[in-house]
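# Close look at the chain arrangement
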Amino acid sequence: MNQLSRSRRSFLKTSVALAAVGPVANGVAQAESDAPPLIAYVGTFSSPLQDVLPTQVDLPPGNGRGIHLFQVDRRTGELTEIGTQRMGTSPSCLAVNAAGTRLYSANETDRVGEGKEGSVSTFSIDRSSGKLTLMGTVRSGGAGPTYISIHPSGRFVLVANYFGGSVAVLPVAADGRLGEPVHVKQDAGTIGPTQATNAPAGSFAISGHDRTHAHMIQSDPSGKYVLHADLGLDKIFVWKFDEQTGALTPNDPAAISLPPGDGPRHFHFHPNGRWFYSIQEEGSTIVLFDYDADAGRLAARQTVSTLPPEFVGSNFCSEILVSDDGRFVYAGNRLHDSVGVFAVGDDGELTFVGEEWTRGNYPRSFSFDPTGQFFYCLNQRADHIAIFNVNRKTGELQFTGHYAAVGNPSHMVFLDLAAPR
């Protein structure tokens, strides 16, 4: 029996065991209740997409209500809902600034102007409660913004527009509001094949090889370069970044290619800044790249499957995260509904550790809490978040028995109100 099957069968046993754990001492519980809260914000798909492409296989029904706010139990990881910022525009990706005073949301279903662009909203954060107040909304520079990140300078927000196949740079004003895009780059090139080079046997995992699809954008740790993945082109682009103007200039080389049809989706830098891991949505692989931070160049060194060797059929990869200590990499599998766990060797290469059932359908993304003790899996079609303990020695995940109900959860970020600003 494989590890995923064992984890499914041990679900009830684990839940009963965890439920039997006694309460903590009154003094500890009181100290916990007196501490400023740890807040989690969850972005959702909150309205149906009426005019999506035929290849949009993960179309959500729009069960979310906007941005859902939770208080996190620091001892157990359990989530208690404390409010909702109601939005009908699918705020599917979120980012909080370094000061913890502003939250930004990419609104994937907005249709703004003649170009039917998406939008990005700015919220102020009440530092006593975590409550959000809308400050303003601007266009995203393309249709269907699916990812946003904040440049390390704090002066710009970076946006990847999935349906528009473009990336944009939005300036951050002194009060934290976003301005209109100052730079927009439209992806262009030859679309990859619908059959992924590394897909499992019998796969019908075809999601984005019909046009350009910018799926993620993020700066490197230094802020000198910005990288973005285009799933339809099977490329990761590298841009030189001007911290004064926000201008994006093609690096040399301007992009690196992944195997045809594999579809790069998300990526994550190792804490050392020298290793870069990319997950391919349709190929179900992780590729390790060496990253030259001075030149902004990527060089592929290892490719591993996110799935067990006996797997056949369709799977769509989703999220990839490196643990904060750099010892483990976690890879999301949709349809297989698992998280693959990989140990990071001294040279950055990955070794399969095991897999954990996500306790729900279609894990779109996952996040660690600020301590790295808890792992939150957002199961899009199951309309919930499943919460796991993280074994920091082995990297393995153990289900806590806790769920949180959220319609079509997409992305999750944390804000520790006890942390100094």
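Just above sits the structure.
## A look at the pattern of salt bridges
- This structure, assessed with the given rule, holds twelve salt bridges.
- Across the salt bridge formed by Glu180 and Arg139, the nearest N and O atoms sit 2.7 Å from each other. Of this pair, Glu180 sits in the loop between β10 (166-171) and β11 (183-186) while Arg139 sits in strand β7 (residues 132-139), and the two are 41 residues apart along the sequence.
- Among the residues examined, Glu180 registers a relative accessible area of 38% and is labelled partly exposed.
- A salt bridge links Glu281 to Arg265, with the shortest nitrogen-to-oxygen separation between them at 2.6 Å. One end of the pair, Glu281, is in the loop between β17 (275-280) and β18 (285-292); the other, Arg265, is in strand β16 (residues 264-269), with 16 residues separating them in the sequence.
- A relative accessible area of 3% means that Arg265 is categorised as buried.
- One continuous salt-bridge network, built from bridges that share partners, spans Glu117, Arg139 and Glu180.

## Digging into the nonpolar core
- By size, the foremost hydrophobic cluster in this structure holds 42 residues, and its most contacted members are Ile148, Leu178, Leu227, Ile236, Phe276, Phe289 and Leu298.
- In contact with Phe276, not counting residues within four places along its chain, are Leu227, Ile236, Phe267, His268, Phe269, Val287, Leu288, Phe289, Tyr291 and Leu298.
- One finds Tyr376, Leu378, Ile387 and Val406 within the second-largest nonpolar core, a separate group that totals 15 residues.

## Some thoughts on the sheet that holds strand β5 (residues 102-112)
- Across the sheet, four strands lie side by side as β4-β5-β6-β7; this open sheet has antiparallel pairing. Two strands in the sheet have a free side with no partner beyond their single neighbour: β4 (91-96) and β7. The average undirected angle you get between the axes of adjacent strands in this sheet is 25°.
- Sheet topology places strand β6 (residues 117-125) next to β7; seven bridges connect them, and they run antiparallel. In the strand pairing of β7, Thr122 is matched with Gly136.

Cut-offs applied
Residues numbered from 1 in each chain as written. Predicted model: local features only at pLDDT ≥ 70, side-chain atom pairs only at ≥ 80, totals over all residues. Heavy atoms only, no water. Salt bridge = Lys/Arg side-chain N within 4 Å of Asp/Glu carboxyl O. Helix = DSSP H or I, 4+ residues; strand = E, 2+ residues; numbered from the N terminus. Buried < 20%, exposed > 50% of the residue type's maximum accessible area, 1.4 Å probe, protein only. Core = buried A, V, L, I, M, F, W, Y, C linked by side-chain atoms within 4.5 Å. Contact = heavy atoms within 4.5 Å. Pairing = 2+ DSSP bridges. Axes fitted to C-alpha atoms, helices over the stretch in contact; angles between N-to-C directions.

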